[in-house]
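Here is how the chains run, residue by residue.
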Amino acid sequence: TRGPLCVVVCRCVLQPYQLADSHPRSGKERIGRSSRMQGAGNAATNVLGKPLKLCCSAPVTGFYRDGYCKTGPMDYGKHTVCAKVTEEFLLFSRSKGNDLMSPVPAYNFPGLRDGDCWCLCVSRWKEAYEAGVAPPVNLEATHRNALETVSMDILQQFAIQEPGEGHQTHQSL
């Protein structure tokens, strides 16, 4: 059976979340979009034309909260850019009404800090680029649909160069 529908601020737009059944390993209830809503499947492609790689699993990112910057018809914000956020970007985003730094315990969101990776809305990343505060990007984990908004030349200027750097995890306090 399906749990009650609630609304979560998805950092770009309001999105419906479905309370899922218990997680098979932990037995705890988890909040996320049902797999029927995912539509993007596992065949997602990155901006390099290869299979999309994991952006981040701690904190769990992505529109579908699976660690990948996949997108689909329900993703109105197009969370397709895997970025390693910077303090400068986080402050810029907060100034635009999108506070990614503050924890939201009700949704298991720890808040982001400088160095965390996160699937950003491509329009917010582009806005940050135009303001001179765009964070570095993991091209292997950035969905090809980002190219509908930002050119490959621009993304390459912000590409993370160090192997494995795009898979940073949230550090505990």
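Provided above is the structure to which this section pertains.
Please read all numbers here as calculations on a predicted model, not as lab measurements. Residues take numbers from 1 onward in each chain, read along the sequence in its written order. In keeping with the model being predicted, local features are shown solely for residues with a pLDDT of at least 70 and side-chain atom pairs are shown and tallied solely at 80 or more, while totals for entire chains, interfaces and linings include all residues. Computation of side-chain values: all heavy atoms of the structure, hydrogens and water removed.

Asker: Tell me about the state of the cysteines, and please be specific about residues and values.
Answerer: What counts as a disulfide here is a pair of cysteine sulfur atoms lying within 2.5 Å. Going through the model one piece at a time under the given rule, you end up with two disulfides. In this model Cys55 forms its disulfide with Cys82; the gap between the sulfur atoms is 2.1 Å. Here the S-S torsion is close to 85 degrees, and the disulfide linking Cys55 with Cys82 is therefore right-handed. Linking Cys55 in the loop between β3 (29-32) and β4 (79-84) with Cys82 in strand β4, this pair joins segments that are 27 residues apart in sequence. Assigned by exposure class, Cys55 and Cys82 land together as buried. One disulfide bridge connects Cys69 with Cys119, the sulfur atoms lying 2.1 Å from each other. What sets the handedness of the Cys69 and Cys119 disulfide is the S-S torsion sign, and at about -95 degrees it is left-handed. One end of the pair, Cys69, is in the loop between β3 and β4; the other, Cys119, is in strand β5 (residues 117-121), and 50 residues separate them in sequence. Helical segments are the DSSP runs of H or I of at least four residues, strand segments are the runs of E of at least two, and each set is numbered from the N terminus. Partly exposed describes any residue whose relative accessible area lies between the buried limit of under 20% and the exposed limit of over 50%, with all areas from a 1.4 Å probe on protein chains only and scaled to the type maximum.

Asker: Give me the pairing of β5: which residues, what numbers.
Answerer: By the criterion of burial, β5 is predominantly enclosed, with five of the five residues buried. The sheet contact formed by β4 and β5 spans five bridges and is antiparallel. Residue pairing for β5: Cys82 is matched across the bridge by Cys119. Criterion used throughout: strands pair if DSSP finds at least two bridges between them.

Asker: So what's going on with the packing of aromatic side chains? Residues and values would help.
Answerer: Two rings from Phe, Tyr or Trp (for Trp, the six-membered ring) form a pair when their centres are within 6.5 Å of each other. A pair whose planes differ by under 30 degrees is stacked, one over 60 is edge-to-face, and the rest are tilted. Within this structure, the stated rule accounts for five aromatic pairs. When the ring of Trp125 is compared with that of Tyr129, the centres are 5.9 Å apart and the planes differ by 5 degrees; the resulting orientation is stacked. Here the residue Trp125 and the residue Tyr129 both occupy positions in helix α2 (residues 122-130), the gap between them amounting to four residues, near one helical turn. The exposure class assigned to Trp125 is buried, which follows from its relative accessible area of 0%. Given the relative accessible area of 29%, Tyr129 is considered partly exposed. Ring centres of Trp125 and Phe158 lie 5.3 Å apart, and the angle between their planes is 90 degrees; this geometry places the pair in the edge-to-face category. Highlighted residues: Trp125 in helix α2 and Phe158 in the segment after α3 (152-157), separated in sequence by 33 residues. Taken together, the ring pairs connect Trp125, Tyr129 and Phe158 into an aromatic cluster.

Read these as layout, nothing more, since geometry by itself doesn't imply function.
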